[in-house]
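Spelled out, the chains give:
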Amino acid sequence: MPSLVVIGAQWGDEGKGKVVDYLTSNADCVVRFQGGNNAGHTLVIDGVTTKLHLVPSGILRENTKCYIGAGVVIDAGVLLQELAGLRKSGVNVSPSRLVIDANAHLILSYHSAIDKAREEAKGVNKIGTTGRGIGPAYEDRASRSGVRLAELFALEDLKPKVLDNVNERNEYLSAVLKSSVRVDFKEVWSSIERAAEALCPHVGNVSLLVHEALKRGERVVFEGAQGALLDQSFGTFPYVTSSHTISGAALTGTGVGPGAIDYVVGVAKAYCTRVGSGPFPTELLDTLGDAIREKGGEYGTTTGRPRRCGWFDCVAMRRAIRLNGANSLVITKLDVLSGIEKIRVCIGYSLDGKKIEDIPALAGEYAKVVPVYIELDGWKENLSGITKWHQLPANARLYLSTLSEILACPISVVSVGAERASTLFSSGAEFLKSFVSGERP
Ligand code: GDP
Ligand code: IMO
Ligand code: MG
């Protein structure tokens, strides 16, 4: 102890990678606990950009250990490429620093083939997945046909299972999905052999390592992927991902009990974005939406797809705060709103003329929701270079305090640029300040 969960509070891409990197200056370990390489977490340090899909965002802090928990699904090819890139930049990614839980599952090429074929079959009704095989890999975990990293130590025992899987998935691809794609067993098997050779030295017991770290009083950061509104149960179903993305998943995806979490921080942009399909009540389908996309560089870190942009949504955020038990929020990308004359904030929804308090369970109903807005005066100043709360323009501070008041949740940190240094604490961020400084909170 102490420990901290950093979680996305919108539809992903809130800046979790940057926030995790910022908060880990004195952390002992960072744990990824769910999702897979659908995630794309960006770190910018002294002008150098690092994009991470599977490796935890503590990897650029040389004294921090990085763990990938049992709840993560891993495309070994993507992970090996990521490790090679980091190694080339001089980052230590040795097995003493990066450990993957033996119970984590592999994403194999038949998972991504099924993911893509299903999306194609759905046509205009597609979910807009990243095509990385995330859903099919989690399905195999649930149906107990998935391949865990532990199995890479006994390849001969694994072979017949993979052969069965490939045959069955090929049948499904052709007979059900009417896809012409066929998965070649030999290719799948050689990818497994490569994974075994390179990853076995990294395989360990992350649950135990984190348990022991907490017992020694070390600082642990749990790094979420995606965002609360993409949670497989509580997100905007069916337009969600296939894992739990909320803070509770830090426990089940790592293998530690509820006492392991001291503090939960929700990360949210000062506006809202979404990639893929699904309702988005505050979406801006006009030139302002386009301007925010360009200024904010709102293109997917993983797929390069343009992100849909819209106003900050307090109804959705209240839900995210509740689902995660967030102690405070980090607001990122405040700099992107500079120069907008009037900034809107969604404070309520109406559905069929009636006020509603939360996101409806049916996507069809959510698509009909009408947002209720308040409007605040914007600011013109460029925020880059600001490192102290009081240096923010008065209207920017008013924007933040208005959000905090509506949400009844403190804002502990504000980010005004992609760089590690473009980050500032609010006056009430005692826990996080001491976490970063290395003191005991
Ligand atoms: P994540 O998936 O939540 O880690 O977020 P992504 O990395 O996918 O997307 C966030 C993008 O915004 C990245 O390109 C970051 O470098 C960038 N970013 C993060 N914080 C800020 C900020 O405060 N201002 C600006 N302009 N960019 C930021
Ligand atoms: P990070 O961690 C934003 C979205 C996809 C799609 C839906 C389902 O970078 O915030 P999937 O491939 O998971 O089955 O796709 O979820 N999605 C994300 N959107 N950021 C992410 O991760 C995402 N990971 C998945 O766009 O709408
Ligand atoms: Mg991302």
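Everything numeric here is computed off the predicted structure, so don't read it as measured data.

*Asks:* I keep staring at the packing of aromatic side chains and nothing clicks. Help me out?
*Replies:* The relation between two aromatic rings is expressed through the spacing of the ring centres and the mutual angle of the planes. What the rule picks out here adds up to 7 aromatic pairs. Considering the side-chain rings of Y349 and Y366, the 5.8 Å spacing of their centres and the 55° angle between planes classify their relative orientation as tilted. With a gap of 17 residues between them, Y349 in strand β16 (residues 342-351) and Y366 in helix α11 (residues 363-366) connect regions that are remote in the sequence. Summarising the burial analysis for this pair, Y349 and Y366 share the class buried. Taken together through their ring pairs, the aromatic side chains of Y263, F431 and F435 make up a single cluster. Directly above the ring of F435 sits R219, whose terminal nitrogen or CZ lies 6.0 Å from the centroid.

*Asks:* What's the story with the site of ligand 2 in this structure? I'm lost.
*Replies:* Around ligand 2, a shell composed of 20 residues is seen, among which D13, K16, H41, T130 and T241 lie nearest. Backbone polar atom of G40 to an oxygen atom of ligand 2: 2.9 Å apart, as the coordinates give it. At 2.7 Å, a side-chain N or O of H41 approaches an oxygen atom of ligand 2. Relative to its free-state accessible area of 550 Å², ligand 2 is covered by the protein chains to the extent of 98%. One can see that ligand 2 is located within the largest pocket. A per-class count over the shell around ligand 2 returns 7 nonpolar, 10 polar and 3 charged.

*Asks:* How should I be thinking about the layout of surface pockets in this particular structure?
*Replies:* A probe matching the size of a water molecule, rolled over the atoms, marks out where space remains unfilled. Roughly 730 Å³ of volume is contained in the largest pocket. Lining the largest pocket we find 41 residues, and of these N38, T129, T130, V240 and T241 sit closest to its centre. It is helix α4 (residues 134-142) that contributes the most residues to the lining of the largest pocket, 5 residues altogether. Each residue belonging to the lining of the largest pocket can be placed in one class, and the counts come to 12 nonpolar, 19 polar and 10 charged. When residues of the lining of the largest pocket are assigned to domains, at least three fall in each of domain 1 (3-91 + 205-437) and domain 2 (105-201). Taken as a whole, the second largest pocket holds about 480 Å³ of empty space. Together, 26 residues line the second largest pocket, and G15, T42, R307, K333 and A418 are the ones closest to its centre. Within the residue set of the lining of the second largest pocket, elements represented by two or more residues are α1 (16-23) and β3 (41-45).

*Asks:* Would you take a moment to explain the coordination of the magnesium ion (ligand 3) for this structure?
*Replies:* Ideal geometry at a metal centre: 109.5 degrees between donors when four sit tetrahedrally, and 90 or 180 degrees when six sit octahedrally. Taken together, D13 (OD) and G40 (O) make up the full set of protein donors to the magnesium ion (ligand 3), lying 2.1 to 2.2 Å away. Taken together, the positions of D13 in the loop between β1 (3-8) and α1 and G40 in the loop between β2 (29-32) and β3 put the pair 27 residues apart, joining distant regions of the chain. Of the residues examined, D13 reaches a relative accessible area of 23% and is grouped as partly exposed.

*Asks:* Even after reading the chapter, I still don't get the nonpolar core, so can you show me in this structure?
*Replies:* As a rule of thumb, soluble globular proteins bury nonpolar side chains together. Among the nonpolar cores identified, the biggest contains 43 residues, and I74, L79, L149, L152 and V162 are the most heavily contacted of them. If you list the elements that add at least two residues to this core, you get β3, β5 (65-68), α2 (76-88), β7 (98-101), α3 (109-122), α5 (155-176) and α6 (185-199). Take this core: its biggest share by element is 7 residues, from α6. The two domains that each donate at least three residues to this core are domain 1 (3-91 + 205-437) and domain 2 (105-201). With 40 residues, the next largest nonpolar core counts I292, C309, L329 and L376 among its residues.

*Asks:* Would you explain the packing of α3 against α5 in this entry?
*Replies:* Relative placement of two packed helices is described by the angle separating their axes and the distance separating the axes. Where α3 contacts α5, the two axes come as close as 11 Å, and the packing angle between them is 10°. Classified by the angle between their axes, α3 and α5 sit roughly parallel to one another. In contact with Y110, A113, I114, A117 and R118 of α3, α5 contributes N165, V166, R169, Y172 and L173.

*Asks:* For this particular structure, what's the right way to read the site of ligand 1?
*Replies:* Contacts to ligand 1 come from 20 residues, most closely from G15, K16, T42, D335 and S415. At 2.7 Å, a backbone N or O of K16 approaches an oxygen atom of ligand 1. In the environment of ligand 1, an oxygen atom lies 2.4 Å from a nitrogen or oxygen atom belonging to the side chain of S415. Here ligand 1 has 590 Å² of accessible area as a free molecule, and 91% of this is covered by the chains. Here ligand 1 occupies the second largest pocket. Elements supplying a minimum of two residues to the shell around ligand 1: α1 and β3.

So, how was this worked out
Residues numbered from 1 in each chain as written. Chains lettered and ligands numbered in written order. Predicted model: local features only at pLDDT ≥ 70, side-chain atom pairs only at ≥ 80, totals over all residues. Heavy atoms only, no water. Phe/Tyr/Trp six-rings, centres within 6.5 Å; stacked < 30°, edge-to-face > 60°. Helix = DSSP H or I, 4+ residues; strand = E, 2+ residues; numbered from the N terminus. Buried < 20%, exposed > 50% of the residue type's maximum accessible area, 1.4 Å probe, protein only. Lys NZ or Arg CZ within 6 Å of the ring centre and 35° of its normal. Near = heavy atom within 4 Å. Polar contact = N/O pair within 3.5 Å; in protein donor to acceptor, adjacent residues only side chain to side chain. Areas by Shrake-Rupley, 256 points an atom, 1.4 Å probe, with all protein chains shown as cover. 1 Å grid on protein atoms, 1.4 Å probe; cavity = no way out; pocket = protein on both sides within 12 Å on 5 of 7 lines; lining within 4 Å. Sits in = over half its atoms within 2 Å of the grid points. Nonpolar A, V, L, I, M, F, W, Y, C, P; charged D, E, K, R; others polar. Points joined across faces, edges and corners; volume = space filled by probe spheres on them. Domains from an automatic or database assignment. Donors = N, O, S within 2.8 Å, 3.2 Å for Na, K, Ca; no water. Core = buried A, V, L, I, M, F, W, Y, C linked by side-chain atoms within 4.5 Å. Axes fitted to C-alpha atoms, helices over the stretch in contact; angles between N-to-C directions. Parallel < 35°, antiparallel > 145°, perpendicular 65-115°, else oblique. Contact = heavy atoms within 4.5 Å.

Spatial relationships are all this shows, so hold off on functional conclusions.
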